[in-house]
Amino acid sequence: MTARTERLRRASLDAVPAISAERAVITTAFYTDHLGRHSTPVLRAMNFYAICDRKTLWMGDEELIVGERGPAPKAVPTYPELTCHSVEDLRILGARPKTNYAVDATVIETYARNVIPFWQGRSLRDQMFGELPQAWHDAYAAGCFTEFMEQRAPGHTVADGKLYRKGLLDFKADIARSEAALDVEHDPEALDKREQLRAMSIACDAVMRFAERHAELAEARAAALSHGPRKRELETIANVCRRVPAHAPRDFHEALQYYWFCHLAVITELNGWDAFSPGHLDQHLWPFYQRGLADGTLTHDTARELLECFFVKFNNHTAPPKVGVTAAESGTYTDFANINLAGLLRDGSDGSNDVTHLLLDIIDEMHLLQPSSNMQVSRKTPDAVLKHALRVIRNGYGFPSLFNADAVVEEQLRQGKTLEAPREGGCSGCVEVGAFGKEAYILTGYFNLPKMLELALHDGFDVRTGTYVGARTGDPAAFRTYDDLFAAFRAQVEHVIDIKIRGNQIIERLYATRMPHTFLSVITDDCITKGKDYNAGGARYNNTFIQAVGIGSITDSLAALKELAFDAPMLPLGRFVEILDADFTGEDALRQRLLNKTHKYGNDDDYADALMTQTFRMLFETIDGRPNTKGGAYRLEMLPTTCHVYFGDVCLASADGRGEGQPVSEGISPVQGADRNGPTAVLRSAAKMDHVKTGGTLLNMKFTPGLLQSDAGIDRLHSLVRTYFKLDGHHLQFNVVTADALREAQANPSAHRDLIVRVAGYSDYFCDLSAALQDEIIRRTEHQEF
Amino acid sequence: MTAGVIFNVQRFSVHDGPGLRSTVFMKGCPLRCAWCHNPESQPPAPAFVRLSHRCMRCERCSEADLAEPVVAGRGMADVDRCPTGALQSVGERVDAATLVPRLLRDRPFFDESGGGVTVSGGEPLMQAPFVTDLLRRLRAAGVHTALDTCGFSPWPVLRDAAAEADLVLFDVKLMDDTRHRAATGVSNRPILANLEAMSRVHPAIWVRLPIVPGHTDDESNIDAVGAFLRPLPGIARIDLLPYHPTGESKFARVGLECAVRGTPTPTADRLAILAARLRAAGLTMPIGDHP
């Protein structure tokens, strides 16, 4: 880092996340004046323009890349048109001990006086909850699934390379051509398309206005200085902001600033999940980097400093807080923007370059919570590139995570995409696959697998909420065979997935008709040519994901029930259920047997792993290919983020020996501590799942630092990764830290505020995690050498 | 069909030859090294032990049983019944045909890393017919094989087994025979003679020196090792294996005393000094502190 970027980094780390009511105030005022006077898309675009035109600008003293979503770094705007915080929500956000947000008294006052009275009953969340059926509400309350879009808009997408070849004026020309081609006499949707296209055009104007205001501000600041390097820098910033995003970038600095304006535009118009991501940044920057070095306008060091300034910008953008937050749903400041490294080029060749290494060095040096980073590892990726990433991983911050670029292509070909789209696509958010710049791939919510077995053991009754939320599959005491049990489990999955999808369809239509994302539509193919919004099926590809959680817990539970109640019966199933309902009270020996002596997923044990693949196939058959409302299909993902803690919390004791309320397993990782045959056995078990049929899986591993100390250690990890990917594994992420070090941080948080660990799909400050999640990470098996 | 007694299959084994390996530990050893890392491997017959830290006192065993780490009169059925896994069998009778697929489960990792299967122990040659057959089967399956031996065996037995292994890991401990007898219970003469003979017929031998501070790490021993190895052909590599006190608790677990209790792990600096000393003695092959 340079002295400048060291100071910018420090300022970003020290900035306190705070709630800003500015966006809510502008939006409320705009809606008060304009509601009913325009079509929905045009109204949304005009509101976006109003924000870009009026919001307080921030230009830090030493910044080279400019622009903030809020009025200052880590000042987080709110989106009352989607989800309107209550006064109580705001008080909780300000007072809760972890991941809290400073909430000024004037914010609460403004909300109480202006914002809440307007949006109560009008916010999309209020409308949504009014339209969702009772069965959905019951299953949701029982913790069968979560729903992403009740909190934030669909987003989950990534920029592709066209941004660096076209300015917004070029996009506006495309929009004008599309509008001119509308055929009102023959196309019944032409008038809707016209509104949508006009909205997109306004959205372009909004972002150009935002850049223009930054140019004006930089010019004014420069004019106030008589001379000196900062004056020249401000003049450069002004020139850059005059050029982009109206026009395509010409150099490295303009390329970064262009992306950053687009990033801010996407996350200012709506608070889409996973913010927005630059995608293959190394590939996109490579021509600018080469050209700059060749013509002498750029050096390795100036490129690095610009990139460091760019990284700080991500870290300044704390995730917007949820509403109605319960302690169980742990918060995070991370907004899941994710940078892809290496991977493949459009023609299928290796995509890594010198910028890949430059970015790895920056990730290693800066240790920022945001942006996340990942490497797309293809069989064509040179060993030296992967090993560089592994040396960064060795330092223990969980960055970058690793994806199998070849499997990612295969997964998307299975979904019916053309070959080039997945090569130029990749993974974002946590682990999900998509065609960057061409796809709306929407995560809709986590699905609680262990809960489905619990319902099967209780005839569809949820003991905790006292409601029948599942299918009536009968008294488990009457199940004669394991197949009977599995059929009941399957029936519960099918029943609850139906409820979930019914809800999803309602929510998709609400966003399609009432909450278009006009700027994101501009930069996502083929919204302009179709005249359709990103949220309404305008993208070329539209996949909707349901993320199943707890495959390890469910496998171990099925294995225990199969073995002890059916194969070598020692306990009738009815009695087994009574013991689980009583949380093993007085049944210590049985519980010990369940914990220690039954078949466990993660040990390359075919007895257990066959049940894992049986469950996976059933899930796939239940979900994959069902149509969504946008011309696309539902897909299965195996990803938990932090939801395995919440899902465990709402579940009774389970047959794998897990106590009532304890976390379930995360991702496709084994139950914490159940894997006893080392990392190769874990990888073999996990690879028995057909990853190619998913939209992403997540596997966490924990290694002791000693294992990776030497070059030989890096070679070993390299072999593990390459082999897992050869077996079609989708994703791997590592924690390189000892359990003792984590316990020390738990006991003494003030001394370890900066300890970053891998959670599941992202890294977070260990001390910001809930105690339950901290304990869960500590219990994950630590692999060491033998 | 030959059967053997093993006491463990270790996957992701990274110190017993090149790459990622699976190592099968054979039960039984003619030596009684004071610093043994696997004392449970020494007696040839399977035994039953109880890990007191895992025991939940569920009363399936009597109080008298609980006092002793090594348990008499138990069978596999008792092991199965123990809820916590505290009661364990050390030693498992297996036939080669079923062991081979178990050892090959990590084959994709072997292929990627240049690894394979290592037969270790105990001393594999205590069960030479079984081990020779096992190595032959593994080799027929196309996997890299290594034989890890203390070298204390009749030459033809060792020669025939080693002929089935792509790599021989050959332990050398102490050059002075009196000290060797005192530390291991046997003379080093057949061992050194076997190494000499082996170096003329086998193309890939890695010599391994356990570095046990105060026992094997003195300069005179290291110098003597260097002088002995220098004229031998076929020694591709030397590894200095640092003593680890992990074996100490295992001694108690199987009811034995650890004679080197409290011995520290040698420092990296010390290992580097010893490696330099071997190089100074004229050894030119790679010398590592771990493969």
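Preceding this section is the structure that the text describes.
Since we're looking at a predicted model, the values are computed, not measured. (Residues numbered from 1 in each chain as written. Chains lettered and ligands numbered in written order. Predicted model: local features only at pLDDT ≥ 70, side-chain atom pairs only at ≥ 80, totals over all residues.)

K.L.:
Would you mind going over the packing of helix α14 (residues 354-366) of chain A against helix α15 (residues 383-394) of chain A in detail, with residue names and values included?
P.N.:
Two quantities define a packed helix pair, namely the angle between the axes and the distance from one axis to the other. Residues and elements named next belong to chain A. One can describe the packing of α14 onto α15 by two numbers: an axis separation of 10 Å at closest approach and a directional angle of 5°. Between α14 and α15, the angle is such that the two are roughly parallel. The segment α14 lies against α15, with T356, H357, L360, I363 and D364 engaging V385, H388, A389 and V392. In terms of residue class, the contact of α14 with α15 is made up of five nonpolar, three polar and one charged. (Axes fitted to C-alpha atoms, helices over the stretch in contact; angles between N-to-C directions. Helix = DSSP H or I, 4+ residues; strand = E, 2+ residues; numbered from the N terminus. Parallel < 35°, antiparallel > 145°, perpendicular 65-115°, else oblique. Contact = placed C-beta atoms within 7 Å. Nonpolar A, V, L, I, M, F, W, Y, C, P; charged D, E, K, R; others polar.)

K.L.:
Requested: an account of helix α28 (residues 711-726) of chain A, with residues and values cited.
P.N.:
With 16 residues, α28 of chain A should reach 22 Å at 1.5 Å per residue; the first-to-last C-alpha distance of 22 Å fits that figure. Within the span of α28 of chain A, buried status applies to R716, L717, S719, L720, V721, R722, T723, Y724 and F725 of chain A. (Expected span 1.5 Å × (residues − 1). Buried ≥ 20, exposed ≤ 12 C-beta atoms within 10 Å, placed from the backbone.)

K.L.:
With reference to specific residues and values, describe the pairing of strand β4 (residues 338-342) of chain A.
P.N.:
All names here are of chain A. Burial of β4 is extensive: five of the five residues sit out of reach of the surface. Both strand β3 (residues 279-280) and β4 contribute to a ladder of two bridges, which runs parallel. Note on β4: the bridge partner recorded for G279 is I339. Judged from the five bridges that link them, β4 and strand β5 (residues 372-377) form a sheet pairing that is parallel. Note that in β5 the partner of I339 across the bridge is S373. One crossover worth recording links β4 to the parallel β5 by way of α14, and it is right-handed. (Pairing = 2+ DSSP bridges. Right-handed = clockwise from strand over helix to strand, strands pointing away.)

K.L.:
Outline helix α7 (residues 177-184) of chain B, listing residues and values.
P.N.:
Residues and elements named next belong to chain B. Burial in α7 covers these residues: H180, A183 and T184. The buried residues of α7 occupy an angular sector of 75° when projected down its axis, which confines them to one face. Away from its buried face by more than 90 degrees, α7 exposes T178 and A182. Two residues or fewer past α7, G185 is found with a positive phi of approximately 90°. (Arc of directions from axis to C-beta.)

K.L.:
Mind laying out the environment of N542 of chain A, listing which residues take part and the relevant values?
P.N.:
All names here are of chain A. Along the chain, N542 turns up in strand β12 (residues 541-549). Sequence separation between N542 and P627 is 85 residues, and the spatial gap between their C-alpha atoms is 10.0 Å. If we skip the residues at most four places from it in the chain, N542 touches E439, A440, G537, N628, K630, G631 and G632.

K.L.:
Explain the nonpolar core to me, using residue names and the numbers behind them.
P.N.:
Nonpolar side chains in soluble globular proteins tend to be buried together. A203, V207 and F261 of chain A are the most contacted members of the largest nonpolar core, which totals 226 residues. Leave out the neighbours within four places in its chain, and F261 of chain A touches G67, V207, F210, A211, V244 and P245 of chain A. (Core = buried A, V, L, I, M, F, W, Y, C linked by C-beta atoms within 7 Å.)

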